[in-house]
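# Architecture and fold: a report
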Amino acid sequence: MSNHAFFRRQQRTSRRDLFQTSLRPVFRLCRNLLLLPVLALLACDHPPTPPSSLFLAEAQAAIPRNDFPSFSVLTVAFCSDPASWFVGGDGEFAGFEYDLLKQFTQEVRLELRPTAAINSVDLRTTLKKARASLSAGLYRPSQDDDSIVWTDSFYTAEAVIVYNTDIRRPKDWEQLTGDTIAYLENSGMDSLVARLSKAHPGIRWKPIAAPSVDALLAQVDEGAFPYALVTSHKAALARNIYLNFATAFSTGAKIEMAWALPANKSYMLDALNSFIARAKENGLIDQLAERYFLPPQQVQRFDAGAFQERIRGDLPQLRPLFYRAQETTGVEWRLLAAVAYQESQWEPLATSETGVRGFMQITGDTARHLGVKNRLDPDESVQAAAGYLKDLKERLPDEIAEPDRTWMALASYNIGFMHLEDARRLAREQNLNPNLWKDIKQMLPLLAQPEYYSRARYGYARGGMPVAFVDRVRAYYDILLRHEPEHDALRLRAADDNGSSLPPIVVAALSKS
């Protein structure tokens, strides 16, 4: 080939390369313009969700994010329910399923956006109408329509029969022959009811379109239905809220909690199922179950009834004490009220067998440390106790998160900060987590045993007492959260017209002394 021909070919190649290079931005622009209608269709009312591989850290490093639609929000439909999603004592969202999904969204760098559903039927409708990408608060059925897919189960409860305590307690299915049992419609119980109906043909079953299991239990409590089929964990949560129902017996059937997704979002399943598996393995689900499902069982039924009577009768006059303490210290007023009830049953002149006195049962040494002049002055006592509790929380290491931080501060309030530190050291020795209350509550009772307190830095402690104390405070607090609204400091009412800063019930009690 001549040099002239060679240079002509090289020139044509250079022009072609230049032409292709100049057209690449045009091709890219056209491709993006063609994608716009598709992205708009995917977006609808909510940001599109990427394939599940993007939820996994290893895939995120391998796949360029720019190749997929941007996203930032996971919209989840909840029914307001103490086991699923509710407003906590600090005004923030809380709940077993909410906290679990919050952890998931944090791991995958999404914002969790709750949206309220009226009932279980609305939870499904919300999915089908694309108002949410996921629904919580449902039980996974054995089969479902093609428009919904389900994650793996993340919590299993028993199906139990509850009854109104004004009638006799049925001991078995035979004693229910001819009676009607209510259950929550479209909640995932339908396939179980079909099996039970076949096994026990003499029993009638009534589906109820209530907003939640809690609402169904309220109807059993009021006598609208003599019996109902519910899950064991929700019956336990409500047992100290509704006092006229009890569990009769277990059906033996297991009910699985799972999340529902629209069929066209099935690519999220891998990410959610992977997260559920990790949450089971690393103890997160057990930790949340202990946080939300166990404490209310620690209060005896008759005690809960007396507590609710005091809420209606005495608490309205005592609220200003707790409101002022919340404003001064930031400690939530319903938590302070729960502590006060555990300590003194809201009796200003209460005195324990060991000589501890007053509304908050502050010891003499603690009173001197806090500068309390009169332990029988409820206002001074509550203010001091709230400041002390705040100080205990602040002394705890930063890595202890809420609500474990509050439960450990309460244990310190009861037994002393140093004994709590001994329990945390013991937890490390036992390869447990010193920052989780569920692990610390196992260690505290060991401080009363010689083989453990002999090695403890601060010696013997009646470690079972703070465990019982925290459990009962948590139970009372749970009841108050269900009955009493949060306090807005801007709405605090002024003192009584007579100029007294103490409520009448306290003034009357003090005058008797």
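Scroll up to find the structure this text is about.
This text gives an overview of the structure that appears in the document. (Residues numbered from 1 in each chain as written. Predicted model: local features only at pLDDT ≥ 70, side-chain atom pairs only at ≥ 80, totals over all residues. Heavy atoms only, no water.)

### With respect to the packing of aromatic side chains
Summed over all chains, the structure comprises 21 aromatic pairs. For the ring pair Phe307 and Tyr476, a centre distance of 4.7 Å and an interplane angle of 55° mean the geometry is tilted. Here the residue Phe307 occupies a position in helix α10 (residues 301-313), and Tyr476 occupies one in helix α19 (residues 464-483), the gap between them amounting to 169 residues. The same class applies to Phe307 as to Tyr476, namely buried. Clustering of aromatic rings is evident, with ring pairs tying together Phe78, Trp85, Phe93 and Tyr98. (Phe/Tyr/Trp six-rings, centres within 6.5 Å; stacked < 30°, edge-to-face > 60°. Helix = DSSP H or I, 4+ residues; strand = E, 2+ residues; numbered from the N terminus. Buried < 20%, exposed > 50% of the residue type's maximum accessible area, 1.4 Å probe, protein only.)

### Considering unusual backbone geometry
That bond from Glu402 to Pro403 is cis: its omega, 0°, falls within 30 degrees of zero. Mapped onto the secondary structure, Pro403 falls in the loop between α14 (378-395) and α15 (404-415). A positive phi angle is found at Trp346, which is not glycine, with a value near 60°. By the element assignment, Trp346 lies in the loop between α12 (333-344) and α13 (364-370).

### Some points on the environment of Gln383
With respect to the helices and strands, the residue Gln383 is situated in helix α14. Residues Gln383 and Thr329, 54 residues apart in the sequence, show an inter-C-alpha distance of 8.0 Å. Gln383 has contacts with Arg324, Ala325, Thr328 and Thr329, leaving out every residue within four places of it along the chain. Here the side chain of Gln383 touches Arg324 through a polar contact of 3.4 Å, landing on its backbone oxygen. (Contact = heavy atoms within 4.5 Å. Polar contact = N/O pair within 3.5 Å; in protein donor to acceptor, adjacent residues only side chain to side chain.)

### Quick word on the nonpolar core
The biggest cluster of nonpolar side chains holds 136 residues, and the ones touching the most others in it are Leu229, Trp259, Phe322 and Trp346. At 9 residues, the largest contribution of residues to this core is made by strand β11 (residues 245-262). In this structure Phe322 touches Leu315, Trp333, Leu336, Ala337, Ala340, Trp346, Phe359 and Val382, once residues within four positions along its chain are discounted. Among the nonpolar cores identified, the runner-up in size contains 11 residues, and Ala117, Leu127, Leu138 and Ala260 belong to it. (Core = buried A, V, L, I, M, F, W, Y, C linked by side-chain atoms within 4.5 Å.)

### So, the packing of helix α3 (residues 96-107) against helix α9 (residues 284-293)
Two numbers describe how α3 lies on α9: the axes approach to 9 Å, and their chain directions differ by 150°. In terms of their interaxial angle, α3 and α9 are classed as roughly antiparallel. In this structure, α3 crosses over α9, and the sense of that crossing is right-handed. Where α3 abuts α9, its residues Phe96, Asp99, Leu100 and Gln103 lie against Leu284, Ile285, Leu288, Ala289, Arg291, Tyr292 and Phe293. In the contact of α3 with α9, the residues fall into 8 nonpolar, 1 polar and 2 charged. (Axes fitted to C-alpha atoms, helices over the stretch in contact; angles between N-to-C directions. Parallel < 35°, antiparallel > 145°, perpendicular 65-115°, else oblique. Left-handed = near helix turned anticlockwise from the far one by under 90°. Nonpolar A, V, L, I, M, F, W, Y, C, P; charged D, E, K, R; others polar.)

### Looking at the packing of α3 against helix α8 (residues 269-281)
As a packed pair, α3 and α8 sit with axes 11 Å apart at the nearest point and diverge in direction by 115°. Judged by the sense of rotation from one axis to the other, the crossing of α3 with α8 is right-handed. In this structure, α3 uses Leu100, Gln103, Phe104 and Glu107 to contact α8, whose residues at the interface are Ala271, Leu272, Phe275, Arg278 and Ala279.

### Some words on the side chain of Thr329
Tracing the backbone shows Thr329 in helix α11 (residues 315-329). At 2.7 Å, the side chain of Thr329 forms a polar contact with the backbone oxygen of Ala325. When residues no more than four places from it in sequence are discounted, the contact partners of Thr329 are Gln383, Ala386, Gly387 and Lys390.

### Quick notes on the pattern of salt bridges
Inspection of every chain in the model, using the stated rule, returns 19 salt bridges. Between Arg312 and Glu309 there is a salt bridge, with its nearest N and O atoms 2.6 Å apart. Placement of both Arg312 and Glu309 in helix α10 is noted, with a separation of 3 residues, approximately one turn of the helix. Assigned by exposure class, Arg312 and Glu309 land together as exposed. Here the salt bridges do not stand alone but share partners, grouping Glu290, Lys441, Asp471 and Arg474 into one network. (Salt bridge = Lys/Arg side-chain N within 4 Å of Asp/Glu carboxyl O.)

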